[in-house]
Amino acid sequence: MADLRINLAGIESPNPFWLASAPPTNSGYQVQRAFEAGWGGAVWKTLGDPILNVSSRFAAINFNGQRVAGFNNIELITDRPLEVNLKEIYETKKRFPNHAIIASLMVEPQQEKWHEIVKRVEDVGVDGLELNFGCPHGMAERGMGSASGQVPGLVEKQTYWVKEAAQTPVIVKLTPNITDITATAEAAANGGADAISMINTINSLAGVDIDTWDTIPHVAGKGAHGGYCGPAVKPIALHMVGECARNPKINIPISGIGGISDWQNAVEFMLMGATGVQVCTAAMHHGFRIVEDMIEGLNNYLDNKGIASAMDLVGKSVHKYSDWGDLDLNYKIVARINNDVCINCNKCHIACEDTAHQCIDMLKDGNGYNILKVREEECVGCNLCSIVCPVEGAIDMVEIPSGLPPMTWNERQTAIGAIGCSVNTVSK
């Protein structure tokens, strides 16, 4: 059995699976139930001055028969008194001393307010702090959350203020609602952050009811933008984790968040640089017991790979994540259709004919049956046919030799520049 324990910037937990700061971590009762189910850690629902929430506050995007492909919320931070939360944190940590409890914090961008709340939460025994610079709605209108998180100078300054007072590791939670997340990640690192977590939710409007014309969700007929999460945001989150992991100016551990629904997702995030992961929507959709499958799946995966520790996964794919200009222009793959498996739905032909490169022919075999064949000399290996194909194994994407040495766009431009310089030198 593999060792699933992780150490994120000095915060230890029995496995990489934490609950993110959200409704599932709103109370001691919930967090204790989660730990009993097997979660390795929990980031307590964000603490600060208690607020008033609205009703209703959640909405979901269902797609092609899948429930909760995306999830939207307009809920804010804790609406319970700080004293109550602190009492429950203390009781939970006392009962589960080996599980990680991280306090998510959000206050106005004032040094004394940060110092005060840091001292109060550390006094009850938390293992670390997570600074919420990501919430995109409600709190942002008050100058907190993503309003701070979109300004690198404020991220750096507030992180520094927290580090002045903190005795436990400090994680900075970043907003994705920004052009370049590495700018704020660098600011967090410059401010002394011990780790970063990403992503918080994405600005969104879940929908509009075309019968009533109300937004979804709505509060007495009016709506507001909210935060989007769930499986639909996973590719965005994975990209941002990778961008930060490969940036040498950041160089601090990452807690991965965003659409993580199973152990395979967790492995992807860890390979792309996350030390551990945080989960919210999947737990809200299916309950705390999903962690059992996550733990079992990760353990079996590591055993099958002959990997001793979950920590050995961290960052193993980062060196493979690059810029477009560094990709080999002479690498070539083509589609090959296995007609023994193909069900002749013709989706690949339609997709290729209408929206790609018109390189799939409809033919007859020797018995007069319809078959599909790719003209490989015209196939560009775009993958579209294999993506739309409903039958596993009906289309393979196969590498074929191009007969050319590897060459990237950047290398090509450098060579063109060198030739140009040589020509100019000769002409002079």
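Whatever comes next refers back to the structure up there.
What counts, and where the lines are drawn
Residues numbered from 1 in each chain as written. Predicted model: local features only at pLDDT ≥ 70, side-chain atom pairs only at ≥ 80, totals over all residues. Heavy atoms only, no water. Buried < 20%, exposed > 50% of the residue type's maximum accessible area, 1.4 Å probe, protein only. Helix = DSSP H or I, 4+ residues; strand = E, 2+ residues; numbered from the N terminus. Pairing = 2+ DSSP bridges. Right-handed = clockwise from strand over helix to strand, strands pointing away. Core = buried A, V, L, I, M, F, W, Y, C linked by side-chain atoms within 4.5 Å. Salt bridge = Lys/Arg side-chain N within 4 Å of Asp/Glu carboxyl O. Axes fitted to C-alpha atoms, helices over the stretch in contact; angles between N-to-C directions.

**A closer look at the pairing of strand E4 (residues 41–47)**
Then, in step 1: The buried count for E4 comes to seven of seven residues, which makes it a mostly enclosed element.
Then, in step 2: When strand E3 (residues 17–19) meets E4, the two strands line up parallel, connected through two bridges. For Leu19, the partnering residue across the bridge sits in E4 and is Ala42.
Then, in step 3: For the handedness criterion, the β-α-β arrangement of E3, helix H1 (residues 28–37) and E4 is classed as right-handed.
Then, in step 4: Pairing analysis gives five bridges linking E4 to strand E7 (residues 100–105), with the strands arranged parallel. Bridge pairing in E7 places Trp44 opposite Ala103.

**Some thoughts on the nonpolar core**
Then, in step 1: Counting 77 residues, the largest nonpolar core has Trp39, Leu47, Leu129, Ile196 and Met198 as its most contacted members.
Then, in step 2: In this structure, Cys342, Cys348, Cys379 and Cys385 belong to the second largest nonpolar core, which totals 16 residues.

**Describing the pattern of salt bridges**
Then, in step 1: The full count for this structure, using the stated rule, is 17 salt bridges.
Then, in step 2: Where Arg246 meets Asp323, a salt bridge forms, and the shortest distance between an N and an O atom there is 2.6 Å. Of this pair, Arg246 sits in the loop between helix H7 (234–245) and strand E15 (254–257) while Asp323 sits in the loop between helix H10 (290–305) and strand E17 (333–337); the two residues are 77 residues apart in sequence, bridging distant segments of the chain.
Then, in step 3: Classification of Arg246 by relative accessible area gives partly exposed; the value is 28%.
Then, in step 4: Taken together, the shared-partner salt bridges in this structure form one network comprising Lys45, Arg57 and Glu75.

**Description of the side chain of Asn26**
Then, in step 1: Within the fold, Asn26 resides in the loop between E3 and H1.
Then, in step 2: Classification of Asn26 as buried rests on a relative accessible area of 17%.

**A look at the sheet that holds strand E5 (residues 58–63)**
Then, in step 1: Strand order in the open sheet made by the four strands is E5-E6-E14-E11, with antiparallel pairing throughout. Where the open sheet ends on each side, the last strands, each with one partner, are E5 and strand E11 (202–204). Across this sheet, the average inter-strand angle for adjacent strands is 40 degrees, counted without regard to direction.
Then, in step 2: Looking at chain direction, E5 and strand E6 (residues 66–73) are connected through five bridges and run antiparallel. Bridge pairing in E6 places Phe58 opposite Asn73.

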